[in-house]
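Geometric and topological summary
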Amino acid sequence: MSSITETQVYEKLKLIEREIFKIKIALLKTGVKEETTKKPISLEGIWEGVEITEEDIKASKKSLFPQNYEL
(Lines give C-alpha, C1' and ligand atoms only; values in the text may rest on other atoms or scores of the structure.)
Protein backbone atom coordinates (compact mmCIF):
# COMPACT_ATOMS: atom_id res chain seq x y z
CA MET A 1 0.00 0.00 0.00
CA SER A 2 1.36 3.39 -0.91
CA SER A 3 1.55 6.17 1.59
CA ILE A 4 -0.08 9.48 0.69
CA THR A 5 1.58 12.59 2.01
CA GLU A 6 -0.20 15.70 3.25
CA THR A 7 1.18 17.58 0.24
CA GLN A 8 -0.40 15.07 -2.14
CA VAL A 9 -3.74 15.35 -0.35
CA TYR A 10 -3.51 19.15 -0.54
CA GLU A 11 -2.72 19.04 -4.26
CA LYS A 12 -5.65 16.70 -4.93
CA LEU A 13 -7.94 18.98 -2.94
CA LYS A 14 -6.85 22.01 -4.94
CA LEU A 15 -7.47 20.08 -8.16
CA ILE A 16 -10.99 19.17 -7.01
CA GLU A 17 -11.68 22.80 -6.08
CA ARG A 18 -10.60 23.94 -9.57
CA GLU A 19 -12.83 21.30 -11.18
CA ILE A 20 -15.81 22.39 -9.08
CA PHE A 21 -15.18 26.00 -10.08
CA LYS A 22 -15.11 25.00 -13.76
CA ILE A 23 -18.39 23.10 -13.37
CA LYS A 24 -20.02 26.12 -11.70
CA ILE A 25 -18.90 28.38 -14.55
CA ALA A 26 -20.23 25.90 -17.12
CA LEU A 27 -23.59 25.69 -15.34
CA LEU A 28 -23.87 29.47 -15.14
CA LYS A 29 -23.15 29.75 -18.86
CA THR A 30 -25.92 27.27 -19.66
CA GLY A 31 -28.48 29.25 -17.67
CA VAL A 32 -28.58 27.23 -14.48
CA LYS A 33 -28.78 29.76 -11.68
CA GLU A 34 -27.82 29.42 -8.08
CA GLU A 35 -30.95 30.11 -6.08
CA THR A 36 -29.66 31.74 -2.92
CA THR A 37 -32.06 34.69 -2.87
CA LYS A 38 -35.18 32.72 -1.95
CA LYS A 39 -37.10 34.13 0.97
CA PRO A 40 -37.99 31.78 3.81
CA ILE A 41 -41.50 30.35 3.65
CA SER A 42 -43.79 31.45 6.44
CA LEU A 43 -45.38 28.63 8.40
CA GLU A 44 -47.75 31.01 10.13
CA GLY A 45 -51.23 29.57 10.14
CA ILE A 46 -50.17 26.05 9.25
CA TRP A 47 -52.02 24.68 12.28
CA GLU A 48 -55.17 26.76 11.71
CA GLY A 49 -58.25 24.69 12.50
CA VAL A 50 -56.28 21.86 14.12
CA GLU A 51 -57.27 20.91 17.65
CA ILE A 52 -54.55 19.48 19.88
CA THR A 53 -55.78 17.75 23.02
CA GLU A 54 -54.00 16.85 26.23
CA GLU A 55 -54.15 13.25 25.04
CA ASP A 56 -52.25 14.22 21.87
CA ILE A 57 -49.58 15.97 23.93
CA LYS A 58 -49.22 12.98 26.29
CA ALA A 59 -48.93 10.57 23.35
CA SER A 60 -46.25 12.77 21.78
CA LYS A 61 -44.29 12.96 25.01
CA LYS A 62 -44.51 9.20 25.43
CA SER A 63 -43.28 8.74 21.87
CA LEU A 64 -40.36 11.15 22.32
CA PHE A 65 -39.40 10.14 25.87
CA PRO A 66 -40.32 6.46 26.33
CA GLN A 67 -37.81 6.08 29.17
CA ASN A 68 -40.05 8.30 31.34
CA TYR A 69 -43.08 6.03 30.95
CA GLU A 70 -43.72 2.51 32.17
CA LEU A 71 -44.51 -0.07 29.54
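Look up a bit, the structure's there.
A brief report on the enclosed structure follows.

Cut-offs applied
- Residues numbered from 1 in each chain as written.
- Predicted model: local features only at pLDDT ≥ 70, side-chain atom pairs only at ≥ 80, totals over all residues.
- Heavy atoms only, no water.
- Helix = DSSP H or I, 4+ residues; strand = E, 2+ residues; numbered from the N terminus.
- Buried < 20%, exposed > 50% of the residue type's maximum accessible area, 1.4 Å probe, protein only.
- Areas by Shrake-Rupley, 256 points an atom, 1.4 Å probe, with all protein chains shown as cover.
- Salt bridge = Lys/Arg side-chain N within 4 Å of Asp/Glu carboxyl O.
- Polar contact = N/O pair within 3.5 Å; in protein donor to acceptor, adjacent residues only side chain to side chain.

1. Focus on the overall build of the chain
In terms of helices and strands, the chain carries two helices and zero strands. When burial is assessed residue by residue, the chain has 0% of its 71 residues classed as buried. Entry remark: accessible area of the chain is about 7800 Å², with carbon and sulfur atoms responsible for 59%.

2. Comments concerning the pattern of salt bridges
The tally for this structure, following the rule as stated, stands at two salt bridges. One salt bridge in this structure joins Lys14 and Glu17, with 3.3 Å as the shortest N-O distance. Pair noted here: Lys14 and Glu17 are both in helix 1 (residues 6-29), with a separation of three residues, about one helical turn. By relative accessible area, Lys14 is classed as partly exposed at 30%. On the accessibility criterion, Glu17 (40% relative accessible area) is partly exposed. Between Lys22 and Glu19 there is a salt bridge, with its nearest N and O atoms 3.8 Å apart. Residue Lys22 and its partner Glu19 are both found in helix 1; the two are separated by three residues, about one turn of the helix.

3. What about the environment of Thr30?
Mapped onto the elements of the fold, Thr30 is located in the loop between helix 1 and helix 2 (54-64). Given the relative accessible area of 61%, Thr30 is considered exposed. In terms of polar contacts, Thr30 uses its side chain to reach the backbone carbonyl oxygen of Leu27, at 2.8 Å.

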